Amino acid sequence: MRAATVGAMNELISARRARVAATLPLDAGILVVSAGEPVPLPEGSDQTYPFRSHADYLYLGGVRIEDNVLVTSDQPEVLTQGIPKYL
């Protein structure tokens, strides 16, 4: 991605987080959104369907990363995004 595109995307994601933080009555609470996990194919093999992040995670995080969580509060600048076992 070009720098201008990344900057515009960061502004868009920041604006989304601010709107959600202003709308939700978190009152010093936190919001945890999971990206989800790959869904195995029904045939019992070790293959999975192509991964799709949960819509709420994609809206607030802007990335498609499996087994990931986003943690935020009523202050949108307070944000942690990462794989749970590494947070």
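Residues numbered from 1 in each chain as written. Predicted model: local features only at pLDDT ≥ 70, side-chain atom pairs only at ≥ 80, totals over all residues. Heavy atoms only, no water.

A. Region of interest: the nonpolar core. In terms of nonpolar packing, the biggest core is built from six residues, these being Leu31, Val33, Ala35, Tyr57, Leu60 and Leu70. What Val33 contacts, discounting residues up to four positions off in sequence, is Asp56, Tyr57, Leu60, Asn68, Val69 and Leu70. (Core = buried A, V, L, I, M, F, W, Y, C linked by side-chain atoms within 4.5 Å. Buried < 20%, exposed > 50% of the residue type's maximum accessible area, 1.4 Å probe, protein only. Contact = heavy atoms within 4.5 Å.)

B. Region of interest: the pairing of strand 1 (residues 30-34). Here strand 1 shows a buried face lined by Leu31 and Val33 and an unburied face lined by Ile30, Val32 and Ser34. Here strand 1 pairs with strand 2 (residues 69-73) via five bridges, running antiparallel. Counterpart to Val32 in the pairing with strand 2 is Val71. (Helix = DSSP H or I, 4+ residues; strand = E, 2+ residues; numbered from the N terminus. Pairing = 2+ DSSP bridges.)

C. Main features of the side chain of Ser53. Examined against the element boundaries, Ser53 turns out to sit in the loop between strand 1 and helix 2 (55-61). We classify Ser53 as buried; its relative accessible area is 10%. With near-sequence residues (within four places) excluded, Ser53 lies in contact with Ala35, Leu58, Val63, Arg64 and Ile65.

D. Structural detail: the confidence of the model for the chain. Per-residue confidence for the chain gives a mean pLDDT of 78; residues scoring 70 or more make up 77%. Helix 2 holds the highest mean pLDDT among the elements of the chain, 87, whereas strand 3 (residues 79-82) holds the lowest, 67. (pLDDT = per-residue confidence, 0-100.)

E. Region of interest: the environment of His54. If you trace the backbone, His54 turns up in the loop between strand 1 and helix 2. Distance in space between the C-alpha atoms of His54 and Val33 is 8.5 Å, their sequence separation being 21 residues. The contact partners of His54, leaving out residues within four places of it in the chain, are Ser34 and Ala35.

F. Quick peek at the side chain of Asn68. By the element assignment, Asn68 lies in the loop between helix 2 and strand 2. A distance of 3.4 Å separates a polar atom in the side chain of Asn68 from a polar atom in the side chain of Tyr57. (Polar contact = N/O pair within 3.5 Å; in protein donor to acceptor, adjacent residues only side chain to side chain.)

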